Amino acid sequence: MAERTTAEPVPCRIVVCRDCCCGSTKVTGIDHAAQTARLRSEAPVRVSGCLDVCDQANVIVVQPSAEGRAAGARPVWLGLVNDPEATEDIAAWVRAGGPGVAPQPEILDLYACLPPRRRAAS
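Here the residue numbering is sequential within each chain, running from 1 through the sequence in written order. In keeping with the model being predicted, local features are shown solely for residues with a pLDDT of at least 70 and side-chain atom pairs are shown and tallied solely at 80 or more, while totals for entire chains, interfaces and linings include all residues. Each side-chain value is worked out from all heavy atoms of the structure, with water and hydrogens disregarded.

**Student:** So, the nonpolar core: which residues are in play, and what are the values?
**Tutor:** Formed by 19 residues in total, the largest nonpolar core has its most connected members in I14, L39, I60, L78 and I90. In this text, helices come from DSSP runs of H or I with a minimum length of four residues, and strands from runs of E with a minimum of two, each type numbered from the N-terminal end. Listing elements by their share of this core, those giving two or more residues are β1 (13-17), β3 (60-63), β4 (76-78) and α3 (84-96). Those residues in contact with L39 that sit more than four places away from it in its chain are I14, V16, V45, I60, T87, I90 and A91. With 13 residues, the next largest nonpolar core counts C22, V53, V61 and C113 among its residues. For this analysis, a nonpolar core means a set of buried residues of the types Ala, Val, Leu, Ile, Met, Phe, Trp, Tyr and Cys, connected via side-chain atoms within 4.5 Å. Throughout, exposure labels follow a simple rule: accessible area from a 1.4 Å probe, protein chains only, divided by the maximum for the residue type, with under 20% read as buried, over 50% as exposed, and the rest as partly exposed. The contact definition used throughout considers only heavy atoms, calling two residues in contact when any of these lie within 4.5 Å.

**Student:** Describe the side chain of S48, and please don't skip the residues or the numbers.
**Tutor:** Relative to the helices and strands, S48 resides in strand β2 (residues 45-48). When residues no more than four places from it in sequence are discounted, the contact partners of S48 are V15, V16, C17, R18 and D19.

**Student:** Describe the side chain of T36, with residues and values.
**Tutor:** By the secondary structure assignment, T36 is in helix α1 (residues 32-40). Setting aside residues no more than four positions away along its own chain, T36 makes contact with V16, R18, V45 and V47.

**Student:** Which residues make up the pattern of salt bridges, and what are the values?
**Tutor:** Think of it this way: side chains of opposite charge can pair up when their charged atoms draw near. Whenever a carboxyl oxygen of Asp or Glu lies within 4 Å of a side-chain nitrogen of Lys or Arg, that contact is scored as a salt bridge. Taken as a whole, this structure holds three salt bridges when the rule is applied. Note that R38 is salt-bridged to E42, the shortest N-O span being 2.9 Å. Using a relative accessible area of 21% as the deciding quantity, one classes R38 as partly exposed. For E42, a relative accessible area of 24% translates into the label partly exposed.

**Student:** Break down α1 for me, citing the residues and quoting the values.
**Tutor:** Counting along an α-helix, one turn takes 3.6 residues, and residues three or four places apart therefore face a common direction. Buried within α1 we find H32, Q35, T36 and L39. Viewed end-on, α1 has its buried residues packed into an arc of 95°, placing them on one side of the element. Buried residues along α1 sit in contact with β1, β2, β3 and α3. An arc is given here, and it is the one of the directions from the helix axis to the C-beta atoms.

**Student:** Describe the environment of L114, naming the residues involved and giving the relevant values.
**Tutor:** Relative to the elements of secondary structure, L114 occurs in the loop between α3 and α4 (116-121). For L114, a relative accessible area of 34% translates into the label partly exposed. Between the C-alpha atoms of L114 and G79, which are 35 residues apart in sequence, the distance is 8.8 Å.

**Student:** Give me the lowdown on the sheet that holds β1, citing residues and values where you can.
**Tutor:** Pairing between two strands is assigned when DSSP locates at least 2 bridges connecting them. Strand order in this open sheet of four strands is β2-β1-β3-β4, and the pairing throughout is mixed. This sheet does not close on itself; its edge strands, each paired only once, are β2 and β4. Within the sheet, the average angular offset between the axes of one strand and its neighbour, ignoring direction, is 20°. Relative to β4, β3 is paired through three bridges, and the arrangement is antiparallel. Paired with I60 across the bridge in β4 is L78. Sheet strands in contact with α1 are β1, β2 and β3, and its direction is about 150° off that of β2. Comment: axis = line fitted to C-alpha atoms, over the contacting stretch for helices; angle = value between 0 and 180 degrees taken between N-to-C directions.

**Student:** An account of the packing of α1 against α3 is requested, with residue identities and associated values reported.
**Tutor:** Contact geometry of α1 with α3 gives a least axis separation of 9 Å together with a crossing angle of 15°. Compared by their axis directions, α1 and α3 come out roughly parallel. α1 and α3 meet at a crossing whose hand is right-handed. Only T87, E88, I90, A91 and R95 of α3 make contact with α1, whose side of the interface consists of Q35, R38 and L39. Classes in brief: Ala, Val, Leu, Ile, Met, Phe, Trp, Tyr, Cys and Pro nonpolar; Asp, Glu, Lys and Arg charged; the others, Gly included, polar. Broken down by class, the residue content of the contact of α1 with α3 amounts to three nonpolar, two polar and three charged. For classification, angles of less than 35 degrees are called roughly parallel, those exceeding 145 degrees roughly antiparallel, those between 65 and 115 degrees roughly perpendicular, and all remaining angles oblique. For a crossing to be left-handed, the near helix must be turned anticlockwise from the far one by less than a right angle; the clockwise case is right-handed.

What follows is the structure, given as structure tokens:
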């Protein structure tokens, strides 16, 4: 990967959980490696250990770009992302700019989940 200059904007980033439940054989019907590779083709991807929302496996977090953060966007947590169509919807949103830059597709509302700290507070 080429070294980033200070003039280049910071893109969206994606975190994929790949630990005890997410990315494991417990979640069937999806090629986990292909899902990660597909998302990586649109934005930098970090593979994470357990994000502590195992009942929502596979969990993906879309972190806003610098532009999105400047617009007030926060990371968007998505759970039960277990089919290629959902992965494509996420990839298209990220390609369009992601949180704070492009409107979140309504279909992704079906996958919205709360991060662990916010789940405990509700």
